[in-house]
Amino acid sequence: MSNNKRIIKDTEEMTIMDPGKRRRGKIPAVNGEPGFSTGFTVIHGSEVDFGKHFNFSQSPIYIGRDKTNSICLEDEKVSKVHCEVSFIQNRDLEQVIIKDLDSTNGTYVNGELIKQAVLKSGDKIDIGDTVLRFNYNDDLEEQYHSKLFTFAATDALTGLYNRRYTINELDNQTKIARRNNRIFSLIIIDIDDFKQINDAHGHLAGDDYLKKFAFVLNRALREQDTCGRIGGEEFLVILPETTLEGAINLASRIREQIEKTELIMQGRVIKTTISAGISQFDRHAFEGREILKMADMALQKAKRSGKNAIVSADELK
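Conventions adopted
- Residues numbered from 1 in each chain as written.
- Predicted model: local features only at pLDDT ≥ 70, side-chain atom pairs only at ≥ 80, totals over all residues.
- Heavy atoms only, no water.
- Buried < 20%, exposed > 50% of the residue type's maximum accessible area, 1.4 Å probe, protein only.
- Helix = DSSP H or I, 4+ residues; strand = E, 2+ residues; numbered from the N terminus.
- Pairing = 2+ DSSP bridges.
- Salt bridge = Lys/Arg side-chain N within 4 Å of Asp/Glu carboxyl O.
- Axes fitted to C-alpha atoms, helices over the stretch in contact; angles between N-to-C directions.
- Contact = heavy atoms within 4.5 Å.
- Nonpolar A, V, L, I, M, F, W, Y, C, P; charged D, E, K, R; others polar.
- Arc of directions from axis to C-beta.
- Polar contact = N/O pair within 3.5 Å; in protein donor to acceptor, adjacent residues only side chain to side chain.
- pLDDT = per-residue confidence, 0-100.

Moving on to the pairing of strand β15 (residues 226–229). With burial as the criterion, each face of β15 is covered, one bearing T226 and G228 and the other bearing C227 and R229. Pairing analysis gives four bridges linking β15 to strand β16 (residues 234–240), with the strands arranged antiparallel. Note on β16: the bridge partner recorded for C227 is V237. Hairpin connection from β15 to β16: four residues lie between these consecutive antiparallel strands.

Here you go:
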């Protein structure tokens, strides 16, 4: 999917089964026929998780709210380690067993509360407010699920997350920070005088510049960071477990890099600068939308100060 390395990655591929014998390990495509894989797809739940597909090659796997799980779900009603899925070899066949791990709200298979059950293709697993579908998928189905998630979560032009996904991730990060007594910081970035690029060089040049800008921005971030396009030329970066000072340093490096970035269109050089506003959870607010508001107010101050500037919410006091 474009260049967004922060799209949450599926874990390792899981068992693949041929039509006769269910054996562990991926079955590749043969004579043009697709291979098969075993996995789970989130068909109901938070917008951050919805549409994700997970494949595995290991046993057992764990599903829960904690980041250490094979499948980590952003759902307050899911226990930290909610349930276990194992692959049990029985003669030539392999059974897929799901076991509840004394979760708070229970594990349901096709609507029935279970302690342990054998999964069949198409079964629906309810945990908390999340529903996962268990399937044996071929390669085409895997590609379909991947594209479906891409369409739902990303901005078509830049390949970064779209506004809806990014704001939902902000809400989730707020819950995580509050629950685990952690912090995170936000950077809102606006491209200075972007309209002048469109006016002087045309909208196609503006689109090309946005793509290049997204690439530079994306490359500066860590794997755990979230970067989304939330407006025409406005971007939001969510930095888990990052102090205000760390976010200021990152924003300053991005500002310097963008100032050096050039796009050559028909022999003409296109350059611009950025302004950014920064805020930190628990330092400036305890609600996601309030933290976003503080960062936006800081951004507006940066724009009023002459642009090409970084302002933190501390400077609003």
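Still more to cover.
The alternating pattern of strand β12 (residues 124–127) places I125 and I127 on a buried face, while none of K124 and D126, on the opposite face, is buried. Pairing of strand β9 (residues 107–109) with β12, which is carried by three bridges, proceeds in the antiparallel orientation. Across the sheet, residue V109 finds its bridge partner in β12, namely I125.

For the structure on display, the rule yields 18 salt bridges. Measuring nitrogen to oxygen at the nearest pair gives 2.7 Å for the salt bridge that ties D225 to R222. On the basis of relative accessibility, which here comes to 1%, the residue D225 falls in the buried class. A cluster of three or more residues bridged by salt bridges with shared partners is formed by D190, D192 and K303.

Turning to the sheet that holds β15, a few remarks are in order. Sheet architecture is open: five strands sit in the order β15-β16-β14-β19-β20, paired in mixed fashion. Where the open sheet ends on each side, the last strands, each with one partner, are β15 and β20 (310–312). Each strand of the sheet is rotated relative to its neighbour by a mean of 15°, with strand direction disregarded. Strand contacts of helix α5 (residues 244–260): β14 (184–191), β16, β19 (274–280) and β20, with the helix running at about 170° to β19, the strand carrying the most contacts. The sheet strands contacting helix α6 (residues 288–304) are β14, β16, β19 and β20, and the helix crosses β19 at an angle near 145°.

Right, let's get into unusual backbone geometry. Look at D102: it is not a glycine, yet its phi comes out positive at around 55°. Since its relative accessible area comes to 67%, D102 is described here as exposed. In the Ramachandran plot, E241 falls in the positive-phi region, its phi being about 50° despite a non-glycine side chain. Relative to the helices and strands, E241 resides in the loop between β16 and α5.

Here we take up the packing of helix α2 (residues 163–180) against α6. A packed helix pair is summarised by two numbers, namely the angle formed by the two axes and the spacing between the axes. Where α2 contacts α6, the axes come no closer than 9 Å and their chain directions differ by 115°. Residues I167, L170, D171 and T174 of α2 form the contact with α6, whose own contacting residues are G288, R289 and L292. Class assignment for the residues of the contact of α2 with α6 results in three nonpolar, two polar and two charged.

The next subject is helix α3 (residues 194–201). For α3, the full list of buried residues reads F194, I197 and N198. Viewed along the axis of α3, the buried residues span an arc of 95°, placing them on a single side of the element. Pointing more than 90 degrees away from the buried face of α3 are the exposed residues K195, Q196 and D199. Buried-residue contacts for α3 involve β14, α4 (203–219) and β18 (268–270).

This part takes up the side chain of S279. Residue position: S279 is located in strand β19. Side-chain polar atoms of S279 contact the backbone oxygen of I291, separated by 2.8 Å.

Attention now goes to the confidence of the model for the chain. Of all residues in the chain, 83% have pLDDT values of 70 or greater, and the mean over the chain is 84. With pLDDT under 50 throughout, residues 1–36 is counted as low confidence; its partners more than four residues away or in other chains account for 117 contacts.

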